[in-house]
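Topology and contacts: notes
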Amino acid sequence: MTPLQVCLLVSAFLFAIGFAGAVTRRHAILVLIGIELMLNAANLNFIAFWRYGAHPEALTGIIFVLFSMALAGAEAAVGLALVIAIYRHKETSNLDEVKELKG
Amino acid sequence: MTLALIITALVTVLAAATVMSLRNLVHCALAMAVAFSGVAALYLQLNAEFVGFAEILVYVGAIAILIVFAILLTRSGETPEKSVLTSGWLAGVAVSAMVFTLLGWAVLTSSALPKEIATAPAAPVKNIGDALMGKFVLPLEIVGLVLTAAMIGAVIIALKEDKKDNPGGQP
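Reading the values: rules and limits
- Residues numbered from 1 in each chain as written.
- Chains lettered and ligands numbered in written order.
- Predicted model: local features only at pLDDT ≥ 70, side-chain atom pairs only at ≥ 80, totals over all residues.
- Heavy atoms only, no water.
- Helix = DSSP H or I, 4+ residues; strand = E, 2+ residues; numbered from the N terminus.
- Buried < 20%, exposed > 50% of the residue type's maximum accessible area, 1.4 Å probe, protein only.
- Contact = heavy atoms within 4.5 Å.
- Buried area = accessible area lost by both parts, 1.4 Å probe.
- Salt bridge = Lys/Arg side-chain N within 4 Å of Asp/Glu carboxyl O.
- Nonpolar A, V, L, I, M, F, W, Y, C, P; charged D, E, K, R; others polar.
- Expected span 1.5 Å × (residues − 1).
- Arc of directions from axis to C-beta.

1. Overview of the side chain of Asn24 of chain B
By the element assignment, Asn24 of chain B lies in the loop between helix H1 (3–21) and helix H2 (25–45). Overall, the relative accessible area of 12% leaves Asn24 of chain B in the buried class.

Quick look at the structure:
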C-alpha cells in the first residue's frame, strides 16, 4: 500500500464510522459528532490528493479544506444551539422522542 | 510508507471507533478530541502544516469544548441505563459497513491513483495567505459573512424563550 492509499483508507473508515454513529446513536449530540467525523474524512481526502496529486503548487486542496473547516465550525455552532433549544423545549435530547416540529 | 504514518492512522481509526462505541457522552467527546488530533497529525505528515495547526485550533480547541458544553447544558453527562442505539440501528450499521467495504475495495484496486510517490510539495503560510487574499478573496469574504450569520443565528436560537404575553418577543 502506498501512503496515499493508507490516507484514503483512514478517510473511508472515518466516513463509515461517522455515518454509523449519525444513523444509529440516539443522542442528538452524538449525531453532530458523527457529522463532524464525516466532514473530517472529506478534508483528509482533499489533503491526501493535494499531497500526492498533480499541481500541488496551486494550493487548491489546502484552500478548500480551510473553507470547509470554517463552514464546519458554523454548522457545529448552529447544530448545538438547536440541540440546546430542543432540550429546553422538550426536556430531552433523545432523537427517538423528538418526532414533530410543532411545539 | 513510514512507520509514523501507520501509527498515526491506527490511533485515528481506534479513537474514531471509540467515539461511536462508548456509552458516556463525555467520554465520547474526549475520544473525539483524540481522533481530531490524529487527523491533525496526519495533516502534518502530509506536509500541510498550516491546515494541521488550524485543525487543532478549530476542532480540538473550539468544537470539542463546544460539544462538552452542550453535553453539560443538556444534562446528558451521566451514563444512560437504557439503550443508546436507535430502533433501526442494524440497518444503519449494515449500510455503513457496505459503504466502507465499497470505498476500501475501490481504493485498493483502483488504477487511477498515482503509482509513483510525488516529491513533497511546500505550502508556506505566505503562499496560502497570498492565495487567500488574491485569487480566493471573494470566497473568503463570503465565508466570513456565513460565519457571522451562523453565529447570530446560533445565539438567537439558543436564547431563552420569552413568555407568550411579551409583545414582540422571540417565538
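Having put the structure on the table, let's press on.
2. Remarks on the interface of chain B and chain A
Contacts between chain B and chain A engage 81 residues on the former and 68 residues on the latter. Together, the buried faces of chain B and chain A total about 6,800 Å²; carbon and sulfur atoms form 79% of this surface. Summed over the three residues of chain B that lose the most area to chain A, namely Met20, Leu46 and Thr74 of chain B, the buried surface amounts to 10% of that side. At the boundary of chain B and chain A, one finds 0 salt bridges. Going through the elements one at a time, H1, H2, helix H3 (49–73), helix H4 (89–109), helix H5 (125–133) and helix H6 (137–158) of chain B are the ones with two or more residues in the side of chain B that touches chain A. Counting residues per element, the side of chain B that touches chain A draws most heavily on H3 of chain B, at 12 residues. Partitioned by chemical class, the residues of the side of chain B that touches chain A number 61 nonpolar, 13 polar and 7 charged.

3. Points about unusual backbone geometry
Residues and elements named next belong to chain A. For His55, which is not a glycine, the phi torsion comes out positive at approximately 55 degrees. Here His55 lies in the loop between helix H2 (28–52) and helix H3 (60–90). By relative accessible area, which is 58% here, His55 ends up exposed. Here the phi dihedral of Glu91 falls at roughly 60 degrees; this positive angle occurs in a residue that is not glycine. Position of Glu91 relative to the elements: it lies in the segment after H3. Taking the relative accessible area as the measure of exposure, Glu91 reaches 55% and is therefore exposed.

4. Here's the deal with H6 of chain B
For H6 of chain B, which comprises 22 residues, the first-to-last C-alpha distance of 32 Å matches the rise-based estimate of 32 Å (1.5 Å per residue) to within 8%. Among the residues of H6 of chain B, those classed as buried are Val143, Ala150 and Ala154 of chain B. Considered in projection along H6 of chain B, the buried side chains sweep an arc of 35 degrees and stay on one side of the axis. Opposite the packed face of H6 of chain B, turned more than 90 degrees from it, sit the exposed residues Leu138, Glu141, Leu145, Ala149 and Val155 of chain B. Looking at the buried side of H6 of chain B, the elements it contacts are H3 of chain A.

5. A closer look at the pattern of salt bridges
Residues and elements named next belong to chain B. Taken as a whole and assessed by the stated rule, the structure comprises 1 salt bridge over all chains. Between Lys126 and Asp130 there is a salt bridge, with its nearest N and O atoms 3.3 Å apart. One end of the pair, Lys126, and the other, Asp130, are both in helix H5, 4 residues apart, so they sit about a helical turn from each other. Of the residues examined, Asp130 reaches a relative accessible area of 45% and is grouped as partly exposed.

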